[in-house]
Amino acid sequence: MLSEALVRKLAEHWVQAWNSHDLDEIMSHYDEDVVLLSPIAVTILGDPSGTVRGKSAVRSYFEKGLSTYPNLEFQLIEIMWGISSIVLHYMNQNGIKAGEYMEINSDGHITKVVANYNS
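All values derive from a computational prediction rather than experimental measurement.

Asker: Whenever I open this one, the overall build of the chain confuses me. Can you help?
Answerer: Helix and strand content of the chain: four helices and six strands. Reading the secondary structure of the chain in the N-to-C direction produces α-α-β-α-β-α-β-β-β-β. On C-alpha atoms alone, the chain measures out to a radius of gyration of 13 Å, which is about the 14 Å that the 2.2 N^0.38 rule sets for 119 residues. The principal-axis extents of the C-alpha atoms in the chain amount to approximately 35 × 30 × 25 Å. Every one of the 119 residues in the chain was classed for burial, and the buried ones make up 38%.

The following block contains the structure:
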């Protein structure tokens, strides 16, 4: 089971990395075999499945996202966690709320992400 200390540390560092637009720090959270599903990926990558597989592909996607949204900034609203997953509820610079479900492996790396947005 994930500890509260680990979850809070991961969430705070994840938000800080995104807000600093530091791609290496952002990627430090993800497993080599990560799978990401996001409606934003549909738009940025033009793939109707919105699925990005593997750390290299996720890095490329995030790089495109950061250049597409140069003012990107997240404000953490809430953290929820379970045995091996967390949900980060946050708001971006445009006031759009998001919830990202993330599965975490025993090394503390994210193996799966399912992103959801309110608009």
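Asker: Help me out: how do you make sense of the environment of Q16 in this one?
Answerer: For Q16, the position within the fold is in helix 1 (residues 4-20). For Q16, a relative accessible area of 53% puts it in the exposed group. Considered as a pair, Q16 and T51 are 35 residues apart in the sequence and their alpha carbons are 24 Å apart.

Asker: Where do I start with the pattern of salt bridges in this structure?
Answerer: Side-chain pairs of opposite charge can arise where the charged atoms are in close proximity. Counted according to the given criterion, the structure contains three salt bridges. Put simply, D24 and R59 hold a salt bridge, and the shortest N to O gap is 2.8 Å. With D24 in helix 2 (residues 23-27) and R59 in helix 4 (residues 55-68), this residue pair connects regions lying 35 residues apart in the sequence. Overall, R59 belongs to the partly exposed group, its relative accessible area being 31%. For K55, the salt bridge is made with E32, and the minimal N-O distance between the two is 4.0 Å. A residue pair is termed long-range when its members are at least 10 positions apart, and K55 in helix 4 and E32 in strand 1 (residues 30-37) qualify at 23 residues. According to the relative accessible area criterion, K55 is partly exposed, its value standing at 21%. A relative accessible area of 53% means that E32 is categorised as exposed.

Asker: When you look at the packing of aromatic side chains in this model, what are you seeing that I'm missing?
Answerer: Evaluated as defined, the whole model comprises eight aromatic pairs. The interplanar angle of 15° and the centroid separation of 5.6 Å between the aromatic rings of W14 and F74 together place this pair among those described as stacked. Of the two residues, W14 is situated in helix 1 and F74 in strand 3 (residues 74-81); the sequence distance between them amounts to 60 residues. This pair shows no difference in class: W14 is buried, exactly as F74 is. A network of ring pairs unites the aromatic residues W14, W18, Y30, Y61, F62, F74 and Y90 as a single cluster.

Thresholds applied
Residues numbered from 1 in each chain as written. Predicted model: local features only at pLDDT ≥ 70, side-chain atom pairs only at ≥ 80, totals over all residues. Heavy atoms only, no water. Helix = DSSP H or I, 4+ residues; strand = E, 2+ residues; numbered from the N terminus. Rg over C-alpha atoms; globule rule 2.2 N^0.38 Å. Buried < 20%, exposed > 50% of the residue type's maximum accessible area, 1.4 Å probe, protein only. Salt bridge = Lys/Arg side-chain N within 4 Å of Asp/Glu carboxyl O. Phe/Tyr/Trp six-rings, centres within 6.5 Å; stacked < 30°, edge-to-face > 60°.

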